[in-house]
Amino acid sequence: MATGANANAAVGCRVDYTVTSQWEGGFGANVTVTNLGDPVSNWTLAWSFGAGQKVTQLWGGEFSQSGSAVTVRNTSWNGSLATGASVTPGFNGTWTGSNPAPTSFTLNGVACTGQPTGTSTTTSTSTSTSTSTSTSTSTSTTTSTTTTSNPPPTGAATGFASQNGGTTGGQGGRTVRATTGTQIHQALCSRASSSTPIIIEVEGTINHGNTSAVSGGSCSTASGVIELKQISNVTIIGVGAGAVFDQLGIHIRESRNIIIRNVTVRNVKKSGSPTSNGGDAIGMESNVRNVWVDHVNLLASGGESEGYDGLFDMKNNTQYVTLSYSTLRNSGRGGLIGSSESDLSNGFVTFHHNLYENIDSRAPLLRGGVGHMYNNYYVSLNESGINSRAGAKAKVDNNYFKNSRDVLGTFYTDMAGYWQVSGNIFDNVTWSAPDSEHKPAGPDVKSTTTVGIPYSYTLDQAACVPTIVGRTAGANTGMRESNGVC
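Values in this document were obtained by computation on a predicted structure and should not be read as measured data.

Chemist: Break down the overall build of the chain for me, citing the residues and quoting the values.
Modeler: Along its length, the chain carries two helices and 37 strands. The burial tally for the chain puts 56% of its 486 residues in the buried class. Once local pairs closer than 6 in sequence are excluded, the contacts in the chain between residues at least 24 apart make up 73%. Split by element, the accessible area of the chain, about 17,600 Å² in all, is 46% carbon and sulfur.

What follows is the structure in structure tokens.
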């Protein structure tokens with residue numbers, strides 16, 4: 001986190017302040033500052049509002065506000081500003097009465113006049129306002145969160161998986177290589193105990209033909225599924241040419257501290273032949289804690305009528321889970337948190353930088369508990385999307401929804417759930433009429449609760465989410481992560 005300006009302050013700057021959208025009592029804006037002086041390695045941008053406006057959330061920097069004075073400092077990744085370079089923090093704010101643009105700005109304490117110091121002093125500030133409202137499409141600006149510490153380093157568990165003692169998988173344990181499902185089970189069963197750390201590198205296609213049960217005191221395995229039962233401290237990671245679990249699911253039960261990265265799980269069925277894992281690509285149940293699933297591809301070839309179930313399911317007291325930088329495609333059901341309206345002991349789940357594409361519903365279905373969905377790209381949610389019900393609370397930040405229907409709400413039940421929304425973009429989203437068991441959040445999407453998030457995170461601009469997710473999400477992408485740049 002940047003804590004101050006560079007010793008060599010910029011000696012000239014220009015600011016373009018643009019109101020990108022405005023609604024009753026609220027607005028979004030971008031502040032583009034261009035360095036016209038010497039290069040700087042850290043920057044601090046400051047201005048004052050003239051009509052009592054307040055910044056509520058901001059991306060592309062870390063902000064504070066005292067009275068009318070706003071201060072924005074660079075993040076860890078955008079502090080360097082060469083001569084002629086620009087940076088664009090953006091924010092959401094509130095207003096009452098009127099919303100005039102600020103009339104002056106400073107960069108590292110130097111007034112932004114549009115010229116290097118010593119020349120004419122005409123402030124360059126432009127303002128534009130546009131709003132768009134439709135019963136089928138709504139677009140809002142992007143926002144960020146004020147963080148109290150730096151986000152986790154690349155390659156470390158994020159979101160709720162970073163809580164409750166953290167998720168480190170097999171860190172510190174020996175590394176073994178597996179090219180069959182049986183070898184994965186053998187690696188688990190060869191440990192000194194069920195909690196001995198291990199990293200299992202997987203390459204090749206894992207299927208029913210090469211996956212058998214293995215016995216041992218440190219494992220409890222089964223044939224026809226990758227069984228992670230009553231174990232802890234395990235990492236499974238795809239390497240080399242890639243790892244594909246073909247028609248073979250991964251089942252996590254009564255386990256904790258599990259990491260799964262850089263693998264593909266496809267076409268897992270609960271009916272037809274062959275079957276595996278109740279039709280779930282990855283399923284968790286019965287007192288599971290701290291699971292991080294990252295850079296995976298989860299896909300089916302249809303819905304329940306074709307024999308498939310969920311891509312990413314959690315039930316019966318599963319908590320502290322993160323799904324990040326992954327793709328979920330071509331399924332009737334994206335995933336659930338809680339198997340019924342009485343299974344409410346699950347939650348504390350984070351979904352970020354994932355692609356959901358051609359999913360009928362459950363993106364995810366959240367029954368009770370808390371879920372945090374940010375910087376996901378949702379395309380072709382055919383029936384419904386984030387389904388918060390039975391008292392669940394969903395925090396939905398800076399996601400991009402496209403060509404979809406009823407992307408947020410309470411669906412197929414009269415047991416309401418709740419949501420806190422900010423900075424999402426709704427691009428060609430259709431909202432249906434509400435009824436007793438169908439309560440879409442739109443077209444006028446507003447928060448119905450507040451949700452506290454205990455960990456640090458940095459939001460990408462919602463408008464950049466399709467590009468960022470496109471180059472980072474999924475297996476075999478080099479496990480790249482967002483650097484905050486479109």
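So much for the structure itself; the text now carries on.
Chemist: Got a sec to walk through the side chain of lysine 269? Specific residues and values, please.
Modeler: Here lysine 269 shows up in the loop between β18 (264–266) and β19 (282–285). Although lysine 269 is buried, it forms no salt bridge, and the closest oppositely charged side chain is glutamate 306 at an N-O distance of 8.5 Å. Ignoring any residue separated from it by four or fewer positions in sequence, one finds lysine 269 in contact with Pro274, Thr275, Ser276, Gly279, Glu306, Gly307 and Tyr308.

Chemist: An account of the pattern of salt bridges is requested, with residue identities and associated values reported.
Modeler: If you walk through the whole model with that rule in mind, you get 15 salt bridges. Note that glutamate 254 and arginine 253 form a salt bridge whose closest N and O atoms lie 3.3 Å from each other. Looking at glutamate 254, the relative accessible area reads 32%, which means it is partly exposed.

Chemist: Please give an account of the nonpolar core that cites residues and values.
Modeler: Within the largest apolar cluster, 67 residues are counted, with the highest numbers of intra-cluster contacts made by Ile200, Phe245 and Phe312. When residues no more than four places from it in sequence are discounted, the contact partners of isoleucine 200 are Val176, Ala178, Ile184, Ala187, Leu188, Thr235, Ile236 and Ile237. Residues Val15, Ala29, Val87 and Cys112 belong to the second largest nonpolar core, which totals 25 residues.

Chemist: Lay out the sheet that holds strand β5 (residues 62–66) with the relevant residues and their values.
Modeler: On the basis of which strands lie adjacent, the open sheet formed by five strands has the order β5-β6-β3-β9-β10 and antiparallel pairing. Each edge of the open sheet carries a strand with a single partner, namely β5 and β10 (110–111). By the bridge criterion, five bridges tie β5 to strand β6 (residues 69–73) in an arrangement that is antiparallel. By the bridge assignment for β6, glutamate 62 is matched with arginine 73.

Chemist: Would you mind going over the packing of aromatic side chains in detail, with residue names and values included?
Modeler: Tallied over the entire structure, the rule returns 20 aromatic pairs. Ring-pair connections join several aromatic residues into one group, and the members of that group are Tyr17, Phe27, Trp47, Phe49, Phe91 and Phe105.

Chemist: Describe helix α2 (residues 465–472), naming the residues involved and giving the relevant values.
Modeler: Of all the positions in α2, only Val465, Ile468, Val469 and Thr472 are classed as buried. The buried residues of α2 all sit within an arc of 95° when viewed along its axis, so they share a single face. Where α2 is buried, its residues meet β27 (355–361), β30 (377–381) and β33 (400–405).

Chemist: Tell me about the state of the cysteines, residues and numbers included.
Modeler: Taken as a whole and assessed by the stated rule, the structure comprises three disulfides. The residue that forms a disulfide with cysteine 189 is cysteine 219, at a sulfur-sulfur distance of 1.8 Å. Residues cysteine 189 and cysteine 219 are joined by a disulfide whose S-S torsion is about 100°; by sign, that bridge is right-handed. Taken together, the residues cysteine 189 in helix α1 (residues 181–189) and cysteine 219 in the loop between β13 (198–206) and β14 (226–229) connect sequence positions 30 residues apart. Taken as a pair, cysteine 189 and cysteine 219 share a single burial class, namely buried. Between cysteine 464 and cysteine 486 runs a disulfide, and the two sulfur atoms are separated by 1.6 Å. What sets the handedness of the cysteine 464 and cysteine 486 disulfide is the S-S torsion sign, and at about -100° it is left-handed.

The rules behind these values
Residues numbered from 1 in each chain as written. Predicted model: local features only at pLDDT ≥ 70, side-chain atom pairs only at ≥ 80, totals over all residues. Heavy atoms only, no water. Helix = DSSP H or I, 4+ residues; strand = E, 2+ residues; numbered from the N terminus. Buried < 20%, exposed > 50% of the residue type's maximum accessible area, 1.4 Å probe, protein only. Contact = heavy atoms within 4.5 Å. Areas by Shrake-Rupley, 256 points an atom, 1.4 Å probe, with all protein chains shown as cover. Lys, Arg positive; Asp, Glu negative; His and termini not counted. Salt bridge = Lys/Arg side-chain N within 4 Å of Asp/Glu carboxyl O. Core = buried A, V, L, I, M, F, W, Y, C linked by side-chain atoms within 4.5 Å. Pairing = 2+ DSSP bridges. Phe/Tyr/Trp six-rings, centres within 6.5 Å; stacked < 30°, edge-to-face > 60°. Arc of directions from axis to C-beta. Disulfide = S-S within 2.5 Å.

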